[in-house]
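# Geometric and topological summary
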Amino acid sequence: MIFHKPLNIVLILPAVYSTCRIHQCSTRFHISGYSVKNIPLKLCQLVYAVTCHIVLDIVLPAHYAKSRTRKVCYYHISLSTDVVGVECAVAMKNAYALAVTLAVGLSERLEGVGGTLHYNSQAALFGQSVREMRKLLALAGGGDDNIVYGAGDLYVTVFGGRTRLIGTLLGRGMSFDEAMKELDGITLESIVIATRTARAVRKLIARGEANAEDFPLMLHVDDIISNGKEVDIPWNSFEVETRI
């Protein structure tokens, strides 16, 4: 796999690679002489997305010394041992990008394609997405600071790609089946992540380990996908009262 900068790359390596040197050569990353694309998936997971920031995040065991990573001028390397937190944060952005782009389709339904976009509604859904992602991080046992990876990746995903397409079509008024037919042949990880996460959250709710009131947007997206419901953003459910 060849990467083109700028990139936001989260590389999760097991202990077997804990002493490897990581260096950049041309546009391809190598780890101990092996190209990233040649590392078996059982040993390495790679999550990547184009972003407006140039950040290389490498998740390694605690004893890995930061000094072993060789930087180049356009990469700034951060290390983390919170594998669960990083994985959860960067995966959740796919489901919530679909949710945010429902507002794109809703505005196109009113203004027509190419008309005025209603950024306030997108911003409101973005904010609710971040709130829910933080709660999901807590449920998964991930560190709260990982929200910066999820929120940053969410920002750029909303502006383009396959997830924006499916969210926009649903927001315009297409049923889920109609939208999927329109996008036939396109892989949509956002659908898988949204439905599986919602399924897990519903189980936690049934066991009294989570509250439905904390995830109105995620559960609404799941209802659209799994139960054929029309887009009807639960705006009132986003209201909160903060006491200091």
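Further up the page is the structure itself.
First things first, this report covers the structure right here in the doc. Numbering of residues starts from 1 in each chain and follows the order in which that chain's sequence is written. Only residues with pLDDT of at least 70 get local features here, since the model is predicted, and only at 80 or more are side-chain atom pairs given and counted; chain-wide, interface and lining totals rely on the full set of residues. Side-chain numbers here rest on the full set of heavy atoms in the structure, without hydrogens or water.

## Considerations on the packing of helix α1 (residues 83-111) against helix α6 (residues 189-206)
Note on definitions: angles span 0 to 180 degrees between N-to-C directions of axes, and those axes are lines fitted to C-alpha atoms, for helices only across the stretch in contact. Secondary structure counts use DSSP, requiring at least four H or I residues in a row for a helix and at least two E residues in a row for a strand, with both numbered from the N terminus. Their axes nearest at 8 Å, the elements α1 and α6 cross at an angle of 100°. Between α1 and α6, the angle is such that the two are roughly perpendicular. Residues A91, M92, N94, A95 and L98 of α1 pack against E189, S190, I191, I193, A194 and T197 of α6. Three classes are used: nonpolar for Ala, Val, Leu, Ile, Met, Phe, Trp, Tyr, Cys and Pro, charged for Asp, Glu, Lys and Arg, and polar for all others, with Gly counted as polar. Counted by class, the contact of α1 with α6 contains seven nonpolar, three polar and one charged residues. For classification purposes, angles smaller than 35 degrees are called roughly parallel, those larger than 145 roughly antiparallel, those between 65 and 115 roughly perpendicular, and all remaining angles oblique. Contacts between residues were defined by any pair of non-hydrogen atoms, one from each residue, lying within 4.5 Å.

## Overview of the packing of aromatic side chains
Here is the rule: rings of Phe, Tyr and Trp (six-membered ring for Trp) pair when centre to centre is within 6.5 Å. Planes less than 30 degrees apart are stacked, more than 60 are edge-to-face, and the remainder are tilted. This model, assessed by the stated rule, comprises two aromatic pairs. Residues Y155 and F159 carry aromatic rings whose centres are separated by 5.1 Å and whose planes lie at 55° to one another, so their mutual orientation is tilted. Classification of F159 as exposed rests on a relative accessible area of 52%. Their ring planes at 75° and their centres at 5.7 Å tell us that W235 and F238 sit as a pair that is edge-to-face. Accessibility here uses a 1.4 Å probe with only protein chains present; expressed as a share of the type maximum, an area under 20% marks a residue as buried, one over 50% as exposed, and anything in between as partly exposed. Using a relative accessible area of 36% as the deciding quantity, one classes W235 as partly exposed. On the accessibility criterion, F238 (10% relative accessible area) is buried.

## Side note on the environment of A89
Residue position: A89 is located in helix α1. Through-space distance from the C-alpha of A89 to that of D153 is 8.9 Å; in sequence the pair is 64 residues apart. Setting aside chain neighbours within four positions, we find A89 in contact with L137, N146, Y149 and G150.

## Points about the side chain of N146
Inspection of the secondary structure puts N146 in the loop between α2 (119-140) and α3 (147-158). Given the relative accessible area of 6%, N146 is considered buried. Only 2.7 Å separates the side chain of N146 from the side chain of D82, close enough to count as a polar contact. Ignoring anything within four residues of it in the chain, the contact list for N146 reads D82, G85, V86, A89 and L137. Identification of polar contacts relies on pairs of N or O atoms within 3.5 Å, with a donor-acceptor requirement for protein atoms, meaning one able to donate a hydrogen and the other able to accept it, and with residues adjacent in sequence counted only if both atoms are side-chain atoms.

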